[in-house]
Structures are given as C-alpha cells and as structure tokens.
Amino acid sequence: MRYQNLGNSGLNASVVSFGTWGLGGGSAWSDRTVTEQETERLLDAAKELGINYIDTAPVYGTGVSEELLGKALRGRRNDFLLQTKCSLNWRNEGGNFHYERDGYTVNNDTSARAVKHDVEDSLRRLQTDRIDVIVVHYVCGSWPAEETMCALQDLIREGKVRAVGLSNSKPADLDAYERVAPVALVQEQYSLLAPYHGEAYFGACRAHGTTFQVYGALEEGFLTAPDYVERTFPKGDVRGKLPWTSEPIKGNIKKLFTVLTPLTEKYGCSYANLVQAWTLAQYPDMNLLTGFRSEKTIADTVKALDLRLDPEDLLAISEAARPAQVRELDK
C-alpha cells in the first residue's frame, strides 16, 4: 500500500480508499444487502491490505451505511481514517430539493445550522466522537462558502472534525472555500468515460495543494468486464440511469474493450486494474475511492498500485475511449 497526505491536513491516508455507497443498499443498489458481519469482514480485509481510509455519507441508504460502519468499527475505530459528508439530509427542515428515494425526500442544505446538525447525526450513527474528514456532499450556492466553512471550523475547534473536503463542486468553489480555511481534498467524478470535469479541476487542486479523490473510476462496474454493459437494472438503481446502457455509447464501450482485452493479457491483470492504473497515471496526487462489497474486489483493487502502464498503452486506452465519452454526467 502507498500512502499520501490529504492536502495540508496532516492526515496520512492510503491511496486506495474504501467507498461504502453500495453498503447502504436500498433501491440505489438493488442487487445486494450487506450485513454487519460482512461489513466487519470487509474491514478486516481492508486493514490487512493496508487500507486505512473509509468514505461514507448519511444518505448512503439513508443512514444504513453509517450505522453498519458504526457497529463494525467498534473496538477498532483508531485503525481507520473516517470520512463522511454533510449537506444532504432528510429531516424536512428546509434546503433545496435534491431527490426522492425509498420514501424519503432528501434536501441539500449547506447552512451553518444544517451542517452542524448533519455532523451530530453522523457522530451518533457512526458511534464515534470524531470525524476525520467531513466533506460537503453537494456544494450549493444558496448559502455562502464563508457560512458553511466557518461552521465546519467551529466543529474542528470542538474536536468533532479534523479536516474539510468538498464534493460535486467546481474549481471556483474550491477557491471560495480556500479563502476561508484550508480544504484537504475534493472528491469528484472522474473516469475514462467521463474525464472532462476532473481534467478541469486538476489545476485548482495543484494550486491549492488539495488532494483529488476520484469517485466513479470504474463507472459503477461498467468498466470491469465486457459483458457488464448488457446488464439491466430495476427502476431507481443508479446504474440503470447511466448513459452507458444506451446506444451508441454502449456499442462504443464494447469497442473500447477490444483494446483493453489484449492489454489485460500483456500486463496479466483484470480490466478493473487496467482502468484503475490508467486513472492513477493521470494526476500525481490522486486518491482512488473504490466501492467495496466483497473481499475479492478489495484485494484486486490494491494490485492496481503496482501496475505501471507503458506510455503508448496509456495513450491507446485514452484514444479508444473517446467515442464513448460524455461531458456531463449526473449520478
């Protein structure tokens, strides 16, 4: 395992971070429900492989992911850096409508009152006295960055939070938050199929010394196997709403795999490893956030850190992906 400092926070995190969106289940991830015992085994496997960094959020299963982690982390909280989020809540206390799912109305609210309430709720569900990194889940212009960031700084002074991150934001948002206090990381969508947002953000991260944490590198599984694009998903499942399920993009992804397949043979790796190695090669201070629901996936992901792709192969992958790429991607 390799490790990196998260911005200027002093937090030393594994380059591979453990994403827990899928642990929340519900209609967003309709094909599997993960138990407390399975979560414990996943944490065991992660620790054994050197992963010390966990990401979750209140809305992952409307509290389920945080509650599972809270139980599974009992007795070993200090083994991991724990990252969760604020701004999305289902308390019906105001904010901007974000979505409805599984009987809940989720609003986005970055007011000082709301983010402090979010943190208290997460501390309770996670059964901990501190959150190592709190990420503003969806940066919102309805409240000034100064209000949100000052509230989070209050929580840092109280010892409830150690560092701040942003997600689903733009470089201008990072600039605005940095004018108030340091931002340790941005967690943003970036992939071989949707690279444009990340590419536009790299310069701002470099200027501020902020870590770029990528989510969606494997596009919810669509880049893990050629036959994945043929899967169908129930209504509401996040994977069924992605553009990779429709033509002509679906056909262009199949063509991409004709380039990836011989490269997996050349490097003796999985499709996921190949795509993850390509991703890590695009920016030097990249943190690879990957969703885990099996021990096998954790072990395979870590192998990507040892994979060095030849420059001509990196270029070939990039060129083969262009026909399937999209500029705007809403998850």
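If you're wondering where the values come from, they're calculated on a predicted model, not measured in any experiment. (Residues numbered from 1 in each chain as written. Predicted model: local features only at pLDDT ≥ 70, side-chain atom pairs only at ≥ 80, totals over all residues. Heavy atoms only, no water.)

> Explain the side chain of Lys-250 here, please?
For Lys-250, the position within the fold is in helix 7 (residues 249–267). Judged by its relative accessible area of 17%, Lys-250 is buried. Among the polar contacts made by the side chain of Lys-250, one reaches the side chain of Glu-230 at a distance of 3.2 Å. Contact partners of Lys-250, with chain neighbours within four places excluded, come to Val-229, Glu-230, Trp-244 and Thr-245. (Helix = DSSP H or I, 4+ residues; strand = E, 2+ residues; numbered from the N terminus. Buried < 20%, exposed > 50% of the residue type's maximum accessible area, 1.4 Å probe, protein only. Polar contact = N/O pair within 3.5 Å; in protein donor to acceptor, adjacent residues only side chain to side chain. Contact = heavy atoms within 4.5 Å.)

> Sorry if this is basic, but what is going on with empty space enclosed by the protein here?
Over the atoms, a rolling probe the size of a water molecule traces out where space has been left empty. Throughout the structure, instances matching the rule amount to 1 cavity of 30 Å³ or more. The computed volume of the largest cavity comes to approximately 60 Å³. What lines the largest cavity is simply Gly-25, Gly-26, Ala-28, Val-59, Gly-61, Thr-62, Tyr-99, Arg-101 and Asp-102. Split by residue class, the lining of the largest cavity holds 3 nonpolar, 4 polar and 2 charged. (1 Å grid on protein atoms, 1.4 Å probe; cavity = no way out; pocket = protein on both sides within 12 Å on 5 of 7 lines; lining within 4 Å. Points joined across faces, edges and corners; volume = space filled by probe spheres on them. Nonpolar A, V, L, I, M, F, W, Y, C, P; charged D, E, K, R; others polar.)

> So what exactly am I meant to see when it comes to the state of the cysteines here?
Disulfide: a covalent bond connecting the sulfur atoms of a pair of cysteines. Overall, the coordinates contain 0 disulfides when judged by the stated rule. We note that Cys-86 lacks a disulfide partner, and the nearest cysteine sulfur, in Cys-140, lies 12 Å from it. Taking the relative accessible area as the measure of exposure, Cys-86 reaches 1% and is therefore buried. Cys-86 provides the cysteine sulfur closest to Cys-205, a residue in no disulfide bond, and the two sulfurs are 18 Å apart. Owing to a relative accessible area of 1%, Cys-205 belongs among the buried residues under this scheme. (Disulfide = S-S within 2.5 Å.)

> Help me understand the pattern of salt bridges, please; the structure alone is not making it clear to me.
Any two side chains of opposite charge can pair, given that their charged atoms come close. Per the counting criterion, the structure on display carries 25 salt bridges. Taking the shortest distance from any N to any O, the salt bridge between Glu-93 and Arg-91 comes out at 3.1 Å. Judged by relative accessible area, which is 37%, Glu-93 ranks as partly exposed. The network of salt bridges with common partners includes Arg-91, Glu-93, Asp-109, Arg-113, Asp-118, Asp-121 and Arg-124. (Salt bridge = Lys/Arg side-chain N within 4 Å of Asp/Glu carboxyl O.)

> Explanation requested: the packing of aromatic side chains in the structure shown.
Two descriptors summarise a pair of aromatic rings, namely the distance from one centre to the other and the angle between the planes of the rings. Tallied over the entire structure, the rule returns 14 aromatic pairs. Relative to Tyr-228, the ring of Phe-222 lies with its centre 5.0 Å away and its plane at 75°, an arrangement referred to as edge-to-face. Across the pair, exposure class does not vary: Phe-222 and Tyr-228 are buried alike. Ring-pair connections join several aromatic residues into one group, and the members of that group are Tyr-190, Tyr-201, Phe-202, Phe-212, Trp-278 and Tyr-283. In this structure, Arg-327 packs its charged tip against the face of Tyr-196, placed 3.9 Å from the ring centre. (Phe/Tyr/Trp six-rings, centres within 6.5 Å; stacked < 30°, edge-to-face > 60°. Lys NZ or Arg CZ within 6 Å of the ring centre and 35° of its normal.)

> Where do I start with helix 7 in this structure?
Structurally, the α-helix is built with 3.6 residues per turn, so residues lying three or four positions apart point the same way. The end-to-end C-alpha separation of helix 7 is 27 Å, in line with the 27 Å expected for 19 residues at 1.5 Å each. Every buried residue of helix 7 is accounted for by Ile-249, Lys-250, Gly-251, Asn-252, Ile-253, Leu-256, Phe-257, Leu-260, Leu-263, Thr-264 and Tyr-267. At its buried positions, helix 7 is contacted by helix 8 (271–280) and helix 10 (311–321). Phi turns positive one or two residues past the end of helix 7, at Gly-268, with a value near 60°. (Expected span 1.5 Å × (residues − 1).)

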